[in-house]
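# Results of the structural survey
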Amino acid sequence: MINLNVKLLSFRFPLLVPTSSPFQIPIIFLLRTHSLPHHKDKPTNWNASHALIQSKPLLFLLEKCTSMAQMKQVQAQMISTGFISDGFALSRLVAFCAISEWRNLDYCDKILDNAENPNVFSWNVAIRGYSESENPRNAVLMYRKMLRKGGSTPDNYTYPLLFKACAGLSLGFTAGEILGHALQLGFDSDLFVHNAIIHVLVSCGELLAARKVFDESRVRDLVSWNSMINGYVRCGLANEALNLYYKMEELKVMPDEVTMIGVVSASAQLEDLTLGRKLHQFIEEMGLNLTVPLTNSLMDMYIKCGNIEPAKTLFENMTKKTIVSWTTMVVGYAKFGLLGSAMRLFNEMPEKDVVPWNALIGGFVQAKRSKEALALFHEMQASNVEPDEITVVSCLSACSQLGALDVGIWMHHYVEKHNLSVNVALGTALVDMYAKCGNIKRALQVFREMPGRNSLTWTATICGLALHGQSHAAVTYFSEMIGIGLMPDEITFLGVLSACCHGGLVDKGREYFYQMSSKYGVSPNLKHYSCMVDLLGRAGFLEEAEELIKSMPFKADAVVWGALFFGSRIHGNVQMGERAASKLLELDPHDSGIYVLLANMYGDANMWEQARKVRKMMEERGVEKTPGCSSIEMNGVVFEFIIRDQSHPQSEKIYECLTRLTRQLELVEDETSSLKELSSWC
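Remember, it's a predicted structure, so these values are computed and weren't measured experimentally. (Residues numbered from 1 in each chain as written. Predicted model: local features only at pLDDT ≥ 70, side-chain atom pairs only at ≥ 80, totals over all residues. Heavy atoms only, no water.)

### Focus on the pattern of salt bridges
For the record, the criterion: A carboxyl oxygen of Asp or Glu within 4 Å of a side-chain nitrogen of Lys or Arg is what we treat as a salt bridge. Only DSSP runs of H or I reaching four residues or more are called helices, and only runs of E reaching two or more are called strands; each is numbered from the N terminus. For every residue, the accessible area (1.4 Å probe, protein chains only) is compared with the maximum for its type, and the residue is labelled buried under 20%, exposed over 50%, or partly exposed between those bounds.
This model, assessed by the stated rule, comprises 19 salt bridges. With a shortest N-O distance of 3.2 Å, Lys 304 and Asp 300 are connected by a salt bridge. Note that Lys 304 and Asp 300 are positioned in helix α16 (residues 292–304) at a spacing of four residues, about one turn of the helix. The partner of Glu 544 in a salt bridge is Arg 510, with the nearest N and O atoms 2.8 Å apart. Taken together, the positions of Glu 544 in helix α31 (residues 542–550) and Arg 510 in helix α29 (residues 506–518) put the pair 34 residues apart, joining distant regions of the chain. Residue Arg 510 is classed as partly exposed on the basis of its relative accessible area of 28%. Connected through salt bridges with shared partners, the residues Arg 103, Arg 128 and Glu 132 form a single ionic network.

This is the structure:
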């Protein structure tokens, strides 16, 4: 017997004494949980081959019915002849209404309401019909009606159906009530009920209870092992899943394809390529059938472990591909930045739901190709595919990269209009978008209105405040974040150090930089060092900044030396500026910006000869100034321009407008000069 040692809640109606039914027919395979189709699939053949059907004309006619109207005619004959009181005949009517292709569950309910003593099979088949419907919760209501009506007691085929419905809806409390009932009736020793109990407990997140049932049971088979292993994987407990698999090996229990799906997925979660390869080899050596789900799991494992070639080979060798197969490869190509291959495969997909669209859009955002990401989003809408929260998060990230505020506002309105759940990820993306697109006030409003926040949300807010020069506010938010027990990460510290840099808060900056490793265990990287060098350099602590660079545990990059160069130029320290510029030219001798800035520094110091030498050096090395790129958003579309760009179809009008604006600026400048000259005479 299973002893959960937990308090189980019983139902609010009396427990009934089991009775046997003389009309239990041998088609119980239709009631097993592992063979139940999803309600969207074509219903399983409801017909039976019982001998009574061949000997009873009305039952024979019922088996041939192809509509509810025909079934009702047979039912009328059953009522008029009194045959409706036969338990087996009633169960066939219920089966037609519950699980046939022409099912009508409302009518099934009416039949059972009007029946005198429906047998347990009739109730079971009705429960099954509801469990496969779009409202599986009604299966539990049917079970309660069965107990209230009396006359029949649930059997070991009733509970797997109920637990399956509860598992699909994560109805943990209801499953606990039903579990108590099943245990009191003594069905815990039934293998199918036992496996269904494990399945529902796992599905409701009660892994400790599920493992207790598993460990203490005298009846378990491969399905029991698979339920626990895959349950651990679904909850992200990959090591626990693998440990149970190794125990299974010790006990000489042979795995099947379902087992291997679980352990392969566990190796994917751990990103353990060596283990994944061993498992793939084992599958081939054991001659296990490479089913579509197992192949998909192997592909997913290779992609998550950073090896796309084996995944590509598996995909190409598949004779039958599902939407999951196609999507897995699109995700893989996008993850590795192979956007051309991802796009080609995406266009070849026979059908697409929101997942591959999300993968492709996310891939373009990750590659900083945000304009194309937003273009894909518009194409997705044109294809009548409904975006979800993941789509919106990716598009908001694209808006953040482009500074496309109008599109970001439209995305926010879309979220509100379609009542999408503003979870932590979506709320954080909105805060980040508004902050990076220039509306810090709206970003803070979204932050305050969010129902839940994590460290990423606080980090986005702190970085946004720093970006907008609100240094003291950023420091205050950082203190509040620490105060509520959230741990900062390297991005949080980057934001708060940047805020100190913009606000000239040298002492605070030194304090936070020291606390990174000493208090919070976050090792500073190059970006943190560049922030500190910039902070010290702007404040005039140039020697301290240079010493900090020398103390770095790794080689300084162009950003660090650039920060020192900028500080040196501000404070007129030409010698230190020369040293920083020399390091910058060592790192990238073809960066035109360095030459220009160095020449300008010499010019600011009236060292014109040195400035000319720098410009001459630039010419001798064939370094040309890189043209700048500007972007502008108009009517929700982002346009990019470089110097002398004529790619836009309205470039002539644009340049004509720029010419007029330039002339107007010149007139304003002339008027200003005249006023200054006049005032000097006065």
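Text resumes after the structure shown.
### Comments concerning the layout of surface pockets
Leftover empty space is mapped by rolling, across the atoms, a probe with the size of a water molecule. Here is the rule we go by: Buried and open spaces are told apart on a 1 Å grid over the protein atoms alone, a cavity being a set of points where a 1.4 Å probe fits but cannot get out and a pocket being an open set with protein on both sides within 12 Å along at least five of seven lines. Residues with an atom within 4 Å of a point are the lining residues. Grid points are joined across faces, edges and corners, and a volume is the space filled by probe spheres set on the points. Throughout, the ten residues Ala, Val, Leu, Ile, Met, Phe, Trp, Tyr, Cys and Pro are labelled nonpolar, Asp, Glu, Lys and Arg are labelled charged, and all others, Gly among them, are labelled polar. Marked domain ranges trace back to an automatic or database domain assignment.
Considered as a void within the structure, the largest pocket measures approximately 910 Å³ in volume. Lining the largest pocket are 34 residues, with Asp 432, Lys 436, Thr 459, Cys 463 and Ile 491 sitting closest to its centre. Looking at the lining of the largest pocket residue by residue, the classes come out as 17 nonpolar, eleven polar and six charged. A domain-level breakdown of the lining of the largest pocket finds at least three residues from each of domain 1 (461–524) and domain 2 (533–626).

### Some words on the side chain of Ser 530
Stated formally: For this analysis, residues touch if any pair of their heavy atoms sits within 4.5 Å.
Looking at where Ser 530 falls in the secondary structure, it is placed in helix α30 (residues 526–538). Ignoring sequence-local partners within four residues, the contact set of Ser 530 consists of Val 559, Val 560 and Ala 563.

### Things to note about the packing of aromatic side chains
Rules: Centres within 6.5 Å make a pair out of two Phe, Tyr or Trp rings, where for Trp the six-membered ring is used; the pair is then stacked when the planes are under 30 degrees apart, edge-to-face when over 60, and tilted otherwise. Counted as over-ring charges are cases with an Arg CZ or a Lys NZ within 6 Å of the ring centre that also lie within 35 degrees of the ring normal.
One pass over the structure, following the stated rule, counts 18 aromatic pairs. Ring geometry for Phe 478 versus Tyr 512: centroids 5.0 Å apart, planes at 70°, classification edge-to-face. Linking Phe 478 in helix α27 (residues 471–483) with Tyr 512 in helix α29, this pair joins segments that are 34 residues apart in sequence. Note on accessibility: Phe 478 and Tyr 512 belong to one class, buried. Of the aromatic side chains, those joined through ring pairs into one cluster are Tyr 143, Tyr 159, Phe 163 and Phe 187. The residue whose ring lies beneath Arg 220 is Phe 214, and the NZ or CZ to ring-centre distance is 4.4 Å. Between the NZ or CZ atom of Lys 321 and the centre of the ring of Phe 315, over which it lies, the distance is 5.0 Å.

### Brief notes about the UniProt feature "repeat: PPR" (unreviewed entry) in the protein chain
Let me state the cut-off plainly: UniProt positions are given in the numbering used here, feature names are shortened, and annotations may be inferred rather than shown by experiment.
Annotation from UniProt places "repeat: PPR" (unreviewed entry) at residues 119–153, 221–255, 322–352, 353–387, 423–453, 454–488, 489–524 and 591–625. End C-alpha to end C-alpha, residues 322–352 measures 11 Å, and it is 74% helix and 0% strand. Overall, residues 423–453 shows 74% helix and 0% strand. The separation of its end C-alpha atoms is 9 Å.

### Re the packing of helix α18 (residues 323–335) against helix α20 (residues 354–366)
The description of two helices packed together rests on the angle between their axes and the distance between the axes. To be explicit about the condition: Note on geometry: axes are C-alpha line fits, over the in-contact stretch for helices, and angles between N-to-C directions span 0 to 180 degrees. Angular relationships are summarised with four words: roughly parallel below 35 degrees, roughly antiparallel beyond 145, roughly perpendicular across 65 to 115, and oblique for the angles in between.
Between α18 and α20, the least distance of the axes is 9 Å, while the angle of their chain directions is 5°. By the criterion of interaxial angle, the relationship of α18 to α20 is roughly parallel. Within the contact between the two elements, α18 uses Thr 327, Val 330, Val 331, Ala 334 and Lys 335 and α20 uses Val 355, Pro 356, Ala 359, Leu 360, Gly 363 and Gln 366. Its residues assigned to classes, the contact of α18 with α20 comprises seven nonpolar, three polar and one charged.

### What about α31?
Worth spelling out the cut-off: Working note: the arc is built from the helix axis to C-beta atom directions.
For α31, the full list of buried residues reads Leu 542, Ala 545, Glu 546, Leu 548 and Ile 549. Relative to the axis of α31, the buried residues are bounded by an arc of 155° and lie together on one face. Along α31, exposed side chains directed more than 90 degrees from the buried face belong to Glu 543 and Lys 550. Buried positions along α31 lie against α29, α30, α32 (558–570) and α33 (574–587).

### A word on the environment of Leu 112
Checked against the element boundaries, Leu 112 lands in helix α5 (residues 105–114). Given the relative accessible area of 0%, Leu 112 is considered buried. Leu 112 has contacts with Val 94, Pro 118, Ser 122, Trp 123, Ala 126, Met 142 and Lys 149, leaving out every residue within four places of it along the chain.

### Describing the environment of Tyr 514
Mapped onto the elements of the fold, Tyr 514 is located in helix α29. Residues Tyr 514 and Pro 524, ten residues apart in the sequence, show an inter-C-alpha distance of 9.3 Å.

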